[in-house]
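Structural characterization, general
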Amino acid sequence: MRQSERMNSAANDWEAAPWDACDEVADRQLEGYRERSVKPIQWQAIRSIVPNGKLFGLEKQWFVSRDVEYFAEHGDEQLLLIQLAWHGFPDPPEWGLVSRAAGNENARWSEWGYFAHLPACWSLPQDQ
């Protein structure tokens, strides 16, 4: 599916970030999302970080201000799971994913788009 078709589809379960990204960017993000969606990731809640605490070298408020609800470290990657309060067409799907290389606090975060359903092999904390 071309990005222009994804952008205008109310039935789209995945959306690039930003929503109007070119085909090349959207295809790269979708490929990255699919690669990570088959990994058995155990997510932890951002709220479990103590107030004024740090995670991945960043203050807790940095995550809260970006709608990050969960974090994980899997293999050589740090991952963040975003949950949007406003979601569904015309807004993006509910969940977003970003990641960066572990062990390098200066590494850039890569976006892997927004999606409507969590992959079955991902585990959120039980107190949900």
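Look a little higher up for the structure.
Overview of the structure. Computed from a predicted structure; not experimentally measured.

This part is about the packing of aromatic side chains. All chains considered together, the criterion is met by eight aromatic pairs. Seen from their ring centres, Tyr70 and Trp95 are 6.4 Å apart, and the 40° between their planes marks the pair as tilted. Placement of the pair is Tyr70 in strand 5 (residues 68-74) and Trp95 in strand 7 (residues 95-101), with a sequence separation of 25 residues. Take Tyr70: its relative accessible area is 2%, and that puts it in the buried class. A connected cluster of aromatic rings, assembled from ring pairs, spans Phe56, Trp62, Phe63, Phe71 and Trp109. Over the ring of Trp112 we find Arg36, and its NZ or CZ is 4.0 Å from the ring centre.

Next up on the list: the pattern of salt bridges. Under the counting rule described, the total for this entry stands at four salt bridges. Notably, a salt bridge pairs Arg28 with Glu24, separated by 3.6 Å at the nearest N-O pair. Here the residue Arg28 and the residue Glu24 both occupy positions in helix 2 (residues 23-37), the gap between them amounting to four residues, near one helical turn. Given the relative accessible area of 57%, Glu24 is considered exposed.

The next point concerns unusual backbone geometry. In this structure, Pro18 follows Ala17 across a cis peptide bond, with omega equal to 0°. In this fold, Pro18 is placed in the loop between strand 1 (14-15) and helix 2. For Phe56, which is not a glycine, the phi torsion comes out positive at approximately 50°. Take Phe56: it is sitting in the loop between strand 3 (54-55) and strand 4 (58-59). One non-glycine residue with positive phi stands out, namely Asp67, at about 65°.

What counts, and at which threshold
- Every chain begins its residue count from 1, and numbering advances along the sequence as written.
- Note on the predicted model: pLDDT of at least 70 is required for a residue's local features to be given, and 80 or more for side-chain atom pairs to be given and counted; whole-chain, interface and lining totals, by contrast, use all residues.
- Remark: hydrogens and water are excluded; side-chain values derive from all non-hydrogen atoms of the structure.
- Side-chain rings of Phe, Tyr and Trp (the six-membered ring for Trp) are treated as a pair once their centres are within 6.5 Å; stacked means planes under 30 degrees apart, edge-to-face means over 60, and tilted covers the remaining angles.
- We count a stretch as a helix when DSSP gives it H or I for four or more residues in a row; a strand needs E for two or more, and each element gets its number in order from the N terminus.
- Think of it in three bands: residues with accessible area under 20% of the maximum for their type are buried, residues over 50% are exposed, and the middle band is partly exposed, with areas taken using a 1.4 Å probe on protein chains only.
- Note on criteria: charge over ring means Lys NZ or Arg CZ within 6 Å of the ring centre, with the direction from the centre no more than 35 degrees off the ring normal.
- The term salt bridge refers to a side-chain nitrogen of Lys or Arg lying within 4 Å of a carboxyl oxygen of Asp or Glu.

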